[in-house]
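# Geometric and topological summary
Spelled out, the chains give:
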Amino acid sequence: MGLFRPSFTAENKRGYTAGERPQNRRELVRLILADHFTDLIPCNLVLLAVFLPFLFWVFTGLFYIAGAMGGDGSFADLLSLSRTWVLGMIPCLLFTGPFCTGSALLLRNLARDDCRFARQYFLSGLRSAPGAALAVSAAASTMPLLLWAALAYYGTQLAGGARLVLIPLLLTAVLCAIWRMTLPTLYMMLATYRLPLGEQVKNAFALTLSRLPLVAGVHLLALLPALLGVAAFAVGGKVFIAALFVLCVYYLFFGFAFSRLLYAFVANKLCEETLNAQIGADTHIGMR
């Protein structure tokens, strides 16, 4: 299915008929992971190239912030450095929207075991609603700055003993987290449904909130390798070195695309069982 290989002539690798398809989503997920895990490599390389400036900026900033925290820098210096850090994330994420819709359409179809026209799927998603996709990525690029502003403003008051500011601080953090969890579904909807951007955002938020435990659980599952890496860093020594090597290989070839494939499984379920049911479209795509 790879982006850089000829498309399959059959809809699925195994060549089964419609009557031989999986009976439910659980079987469909197992089938996709068994048949297409290595096919994620080309998509992952594209995503890695798109987000490489962001990753470089994030880790470089963390290095300097950690050095400032361990040195003699004042709180004001740390605040200024962190503000520059989050401001620099904006241009890194600003133009990623169309590539997100491209990968969303590709992985949406892969999650349905439709692997016929991989390159065409990606390019079609890239060209679908580019203005709306750029608007979404522009809004997403400001989320780190919004979270930083809330932490700087309310954190200063909290340090002064104003405990009630915990409420707006936590509310801001929760809203940013929900927005982050909404993005994969929103990008997939931009490549699938022809609706005004406002309607797309409203529907994506409503779908995410309707199955928030499921969506949050899948996002935590996608973060599990990185969390294990943090735990290995805490242990240190050879454990950390081995874990770092494994994580580098995983994210270089699979990690980013695999995370988005997990999001696509959930987005397909939410959209098919809700939006598709309302408009009379298929609600069991890829299944019997």
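Residues numbered from 1 in each chain as written. Predicted model: local features only at pLDDT ≥ 70, side-chain atom pairs only at ≥ 80, totals over all residues. Heavy atoms only, no water.

### Concerning the overall build of the protein
The following threshold applies: For helices the rule is a DSSP run of H or I covering at least 4 residues; for strands it is a run of E covering at least 2, with both sets numbered from the N terminus onward. Using C-alpha atoms as the atom set, the radius of gyration is obtained and then compared with a globule rule of 2.2 Å times the number of residues to the power 0.38. Contacts are assigned to residue pairs that have any heavy atoms within 4.5 Å of one another. Each accessible area value is a Shrake-Rupley result obtained with a 1.4 Å probe; residue values ignore everything except the protein chains displayed when judging cover. Positive charges are assigned to Lys and Arg, negative charges to Asp and Glu, while His and the chain termini are left out of the count. By convention, charge coordinates are those of NZ in Lys, CZ in Arg, CG in Asp, or CD in Glu.
Counting its secondary structure elements, the protein contains 11 helices and 0 strands. Listing every helix and strand of the protein by position from the N terminus yields α-α-α-α-α-α-α-α-α-α-α. The globule rule puts the C-alpha radius of gyration for 288 residues at 19 Å, and the 21 Å found for the protein is close to it. Expressed as lengths along the three principal axes of its C-alpha atoms, the size of the protein is roughly 65 × 45 × 30 Å. Counting only contacts in the protein whose residues sit at least 6 apart along the sequence, the fraction spanning at least 24 positions is 77%. Carbon and sulfur atoms form 72% of the exposed surface of the protein, whose accessible area is close to 15100 Å². Between the averaged position of the 22 positive side-chain charges in the protein and that of its 13 negative side-chain charges there is a distance of 2 Å.

### Re the environment of Tyr-193
Counting through the fold element by element, Tyr-193 comes out in the loop between α8 (166-190) and α9 (197-210). Each C-alpha atom, one on Tyr-193 and one on Leu-275, is 9.6 Å from the other, the two residues being 82 residues apart in sequence.

### Things to note about the environment of Glu-27
When you line up the elements, Glu-27 lands in helix α1 (residues 25-36). Sequence separation between Glu-27 and Ala-138 is 111 residues; the distance between their C-alpha atoms is 37 Å.

### So, a nonpolar patch on the surface
Using the following cut-off: Residues with no salt bridge and a relative accessible area higher than 30% make up the patches, which join like charges within 9 Å and nonpolar side chains (Val, Leu, Ile, Met, Phe, Trp, Tyr) within 5 Å. Salt bridges are defined by distance alone: a side-chain nitrogen of Lys or Arg within 4 Å of a carboxyl oxygen of Asp or Glu.
Together, Leu-45, Phe-245, Val-246, Val-249, Leu-252 and Phe-253 make up an exposed nonpolar region whose accessible area comes to about 510 Å². Within the secondary structure, Leu-252 is located in helix α11 (residues 237-279).

### Points about the packing of aromatic side chains
Applicable threshold: The aromatic pairing rule takes the rings of Phe, Tyr and Trp, using the six-membered ring of Trp, and pairs them if the centres are within 6.5 Å, calling planes under 30 degrees apart stacked, those over 60 edge-to-face and the rest tilted.
Applying the stated criterion across every chain yields a total of 9 aromatic pairs. Ring geometry for Phe-37 versus Phe-258: centroids 5.4 Å apart, planes at 70°, classification edge-to-face. With a gap of 221 residues between them, Phe-37 in the loop between α1 and α2 (40-70) and Phe-258 in helix α11 connect regions that are remote in the sequence. Connected via pairs of aromatic rings, a cluster forms that spans Phe-37, Phe-253, Phe-254 and Phe-258.

### Looking at the state of the cysteines
Quick reminder of the rule: Throughout, disulfides are identified as pairs of cysteine sulfur atoms within 2.5 Å of each other. We call a residue buried when its accessible area falls under 20% of the maximum for its residue type, exposed when it is over 50%, and partly exposed in between, using a 1.4 Å probe and counting protein chains only.
The final tally for this structure, using the stated rule, is 0 disulfides. Considering cysteine sulfurs only, Cys-100 is the nearest to Cys-43, which forms no disulfide, with 10 Å between them. Here Cys-43 falls in the buried class, since its relative accessible area comes to 3%. As a non-bridged cysteine, Cys-92 has Cys-100 as the owner of its nearest cysteine sulfur, 14 Å distant. Cys-92 sits in the buried class, given a relative accessible area of 17%.

### Examining the packing of helix α4 (residues 97-110) against α11
Put simply, the rule is: Angles run from 0 to 180 degrees between N-to-C directions of axes, and those axes are lines fitted to C-alpha atoms, restricted for helices to the stretch in contact. Comment on the angle field: the value is read as roughly parallel under 35 degrees, roughly antiparallel over 145, roughly perpendicular from 65 to 115, and oblique elsewhere. Crossing chirality is assigned from the near helix's rotation relative to the far helix, an anticlockwise turn below a right angle marking it left-handed and a clockwise turn marking it right-handed.
Direction vectors running N to C along α4 and α11 enclose 65°, while the axes themselves pass 9 Å from each other. Classified by the interaxial angle, the pair formed by α4 and α11 is roughly perpendicular. Our pair here, α4 against α11, has a crossing hand that is right-handed. Within the contact between the two elements, α4 uses Cys-100, Ser-103, Leu-107, Arg-108 and Leu-110 and α11 uses Ala-257, Arg-260, Leu-261, Ala-264 and Asn-268.

### Thoughts on unusual backbone geometry
The phi angle at Asp-113 is positive, at roughly 65°, despite the residue not being glycine. Here Asp-113 shows up in the loop between α4 and α5 (118-127). For Ala-129, which is not glycine, the phi dihedral falls at a positive 50°. Position of Ala-129 among the secondary structure elements: in the loop between α5 and α6 (130-141).

### Some words on the confidence of the model for the protein
Rule in force here: On a scale of 0 to 100, pLDDT captures the predictor's confidence in every residue.
Mean pLDDT over the protein works out to 87, with 91% of the residues at or above the 70 mark. With pLDDT under 50 throughout, residues 6-10 is counted as low confidence; its partners more than four residues away or in other chains account for 10 contacts.

### A word on the pattern of salt bridges
Going through the model one piece at a time under the given rule, you end up with 5 salt bridges. A salt bridge links Arg-25 to Glu-272, with the nearest nitrogen and oxygen atoms 2.5 Å apart. Placement of the pair is Arg-25 in helix α1 and Glu-272 in helix α11, with a sequence separation of 247 residues. As far as burial versus exposure is concerned, Arg-25 and Glu-272 are alike and both buried. Between Arg-25 and Glu-273 there is a salt bridge; the shortest N-O distance is 3.7 Å. Placement of the pair is Arg-25 in helix α1 and Glu-273 in helix α11, with a sequence separation of 248 residues. A relative accessible area of 18% places Arg-25 in the buried class. On the accessibility criterion, Glu-273 (41% relative accessible area) is partly exposed.

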